[in-house]
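# Structural overview for review
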Amino acid sequence: MTIVEGWDSHAWMDGPWIHRAPRRPEVRPRLLAEATLLPWLAPQLPLPIPVPELTTDGVRHLLLPGEPFTDGSIETGRALGAFLKALHAVDSTEAVAYGALDAATATAEKTAFLGECRDQIVPLLPPEARTTAVELLDRVANVRTALVHCDFGPDHILMTDEQITGIIDWTDAVIGDPALDLCWPLNGAPAPVAAGLVEVYQPSPDQVERAHDWARLSPWYGAHRGLLLDVPDDVSDGLRDILQAL
């Protein structure tokens, strides 16, 4: 039974196990890397994460209990702050040795994406917004100092009875900007959650501003995907959201 149809992988249940297989060939190396990275990483973190093992077509791990985040308290934020503080403090060189995407490769991939945004999306924006848009693209992805989850949001935070029971979906783990993982907590989470995270993580003013930049960049992915897959509604919705975020 398929339980998730993600952009990167299929997932289905088999008894207590969740199996995941890549949807596209380019995803396979990143998915398989979880089987070495996450067992190394899990003991260093204060919240549960999957501990996958290899299968013939991908990876599998025991089901983590809980449902995706819908609401939380200041204690939730404190727990997330402690989690991200520990994650961003792990040895980045060791993380790469265990399977995290290295900074040079990640920078090359991000540079290609940002180049396509400049070439394909900026010309679709009103002339008066283009300078601000290009300035945003120039600012992001210039900092790569820590292991980051890279897709840290409510869908990947599991909770049961107001307690966090797991942080899932590590396919995009990379040496990158810690502010990327702060993007949703500081810009999309309920105010008590954001306050608790700030209390424990204590982000610098520069990290807070970069987290805002990552939030401003978020709708570019939808517009880019709409162009890639020829979905005009996604493009128009993305352009609208880009202008609002700028």
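Here, the structure is the one placed above.
So, here is what we can say about the structure in this document. For every chain, the first residue of the written sequence is number 1, and numbering continues from 1 along that sequence. The predicted origin of the model limits local features to residues at a pLDDT of at least 70 and limits the giving and counting of side-chain atom pairs to 80 or more, whereas totals for whole chains, interfaces and linings rest on all residues. Side-chain descriptors were evaluated using all non-hydrogen atoms of the structure, hydrogens and water having been removed beforehand.

## Quick word on the overall build of the protein
- Counting secondary structure elements, the protein contains nine helices and ten strands.
- Reported as C-alpha extents along the three principal axes, the dimensions of the protein are approximately 55 × 40 × 35 Å.
- Each residue is placed in one exposure class: buried if its accessible area under a 1.4 Å probe, protein chains only, is under 20% of its type's maximum, exposed if it is over 50%, and partly exposed if it falls in between. Taken over 246 residues, the protein has a buried fraction of 46%.
- We call two residues in contact whenever any of their non-hydrogen atoms come within 4.5 Å of each other. Look at the contacts in the protein between residues 6 or more apart in sequence, and 69% of them connect residues 24 or more apart.
- Methods summary: accessible areas were calculated by the Shrake-Rupley approach with a probe of 1.4 Å, and residue burial reflects only the protein chains presented. Counting only carbon and sulfur atoms, one obtains 55% of the accessible surface of the protein, whose full area is about 11800 Å². Starting at the N terminus, helices and strands are each numbered in turn, a helix being any DSSP run of H or I of at least four residues and a strand any DSSP run of E of at least two.

## What to know about the nonpolar core
- The criterion is simple. A nonpolar core is a set of buried Ala, Val, Leu, Ile, Met, Phe, Trp, Tyr and Cys residues joined through side-chain atoms within 4.5 Å. In terms of nonpolar packing, the biggest core is built from 54 residues, with Leu41, Phe83, Ile167, Trp170 and Trp220 touching the most fellow members.
- Looking at which element gives the most residues to this core, the answer is helix H6 (residues 178-187), with six residues.
- Setting aside its immediate chain neighbours within four residues, Ile167 contacts Leu47, Pro48, Ile49, Pro50, Leu80, Phe83, His149, Phe152, His156 and Ile157.

## What to know about the pairing of strand E3 (residues 17-22)
- Of all six residues that make up E3, six are buried, and the element is covered over most of its length.
- The side-chain alternation of E3 yields two buried faces, one formed by Trp17, His19 and Ala21 and the other by Ile18, Arg20 and Pro22.
- Linking two consecutive strands that pair antiparallel, namely strand E2 (residues 9-14) and E3, is a turn of two residues; a positive phi of about 65° is found at Gly15 within it.
- Where E3 and strand E5 (residues 59-62) come together, four bridges link them in antiparallel fashion. Pairing between strands is defined by DSSP: at least two bridges between the two strands are required.

## As for the packing of helix H2 (residues 74-89) against H6
- Contact geometry of H2 with H6 gives a least axis separation of 10 Å together with a crossing angle of 165°. What the angle tells us is that H2 and H6 run roughly antiparallel. Considering the relative orientation of H2 and H6, their crossing is right-handed. Residue-level inspection shows Leu80, Leu84, Leu87 and His88 of H2 in contact with H6, the latter providing Pro178, Asp181, Leu182 and Trp184.
- For this classification, the nonpolar set comprises Ala, Val, Leu, Ile, Met, Phe, Trp, Tyr, Cys and Pro, the charged set comprises Asp, Glu, Lys and Arg, and every other residue, Gly included, is treated as polar. Its residues placed into classes, the contact of H2 with H6 shows six nonpolar, one polar and one charged. For every element, the axis is a line fit to its C-alpha atoms; helices are fit only across the contacting stretch, and the angle between N-to-C directions ranges from 0 to 180 degrees. Working rule for angles: under 35 degrees goes down as roughly parallel, over 145 as roughly antiparallel, 65 to 115 as roughly perpendicular, anything else as oblique. Left-handed describes a crossing in which the near helix is turned anticlockwise from the far one by less than a right angle; the clockwise case is right-handed.

## A short note on unusual backbone geometry
- With phi around 65°, Asp169 is a residue other than glycine that occupies positive phi space.
- With respect to the helices, strands and loops of the structure, Asp169 is situated in the loop between strand E9 (163-167) and strand E10 (174-176).
- Here Gln202, not a glycine, exhibits a phi torsion of approximately 55°, which is positive.
- On the secondary structure map, Gln202 appears in the loop between helix H7 (191-201) and helix H8 (205-229).

## A word on H7
- Listed in full, the buried residues belonging to H7 are Val193, Ala194, Gly196, Leu197 and Tyr201. Seen along its axis, H7 keeps its buried residues to an arc of 165°; they face one direction.
- Buried residues belonging to H7 abut H2, H6 and H8.
- Directly after H7, the chain includes Gln202, whose backbone phi takes a positive value near 55°. Comment: arc refers to directions from the helix axis out to C-beta atoms.

## Quick notes on helix H5 (residues 127-139)
- Turning to H5, its buried residues are Ala129, Ala133, Leu136 and Leu137. All buried residues of H5 project into a common sector of 95° when viewed along the axis, lining one side. Opposite its buried face, H5 presents the exposed residues Pro127, Glu128 and Thr131, each directed more than 90 degrees away.
- Looking at the buried residues of H5, the elements they touch are helix H4 (103-121), H8 and helix H9 (232-245).
- Positive backbone phi, at 65°, marks Ala141, one or two positions downstream of H5.

These values are about where atoms sit, not about what they do.
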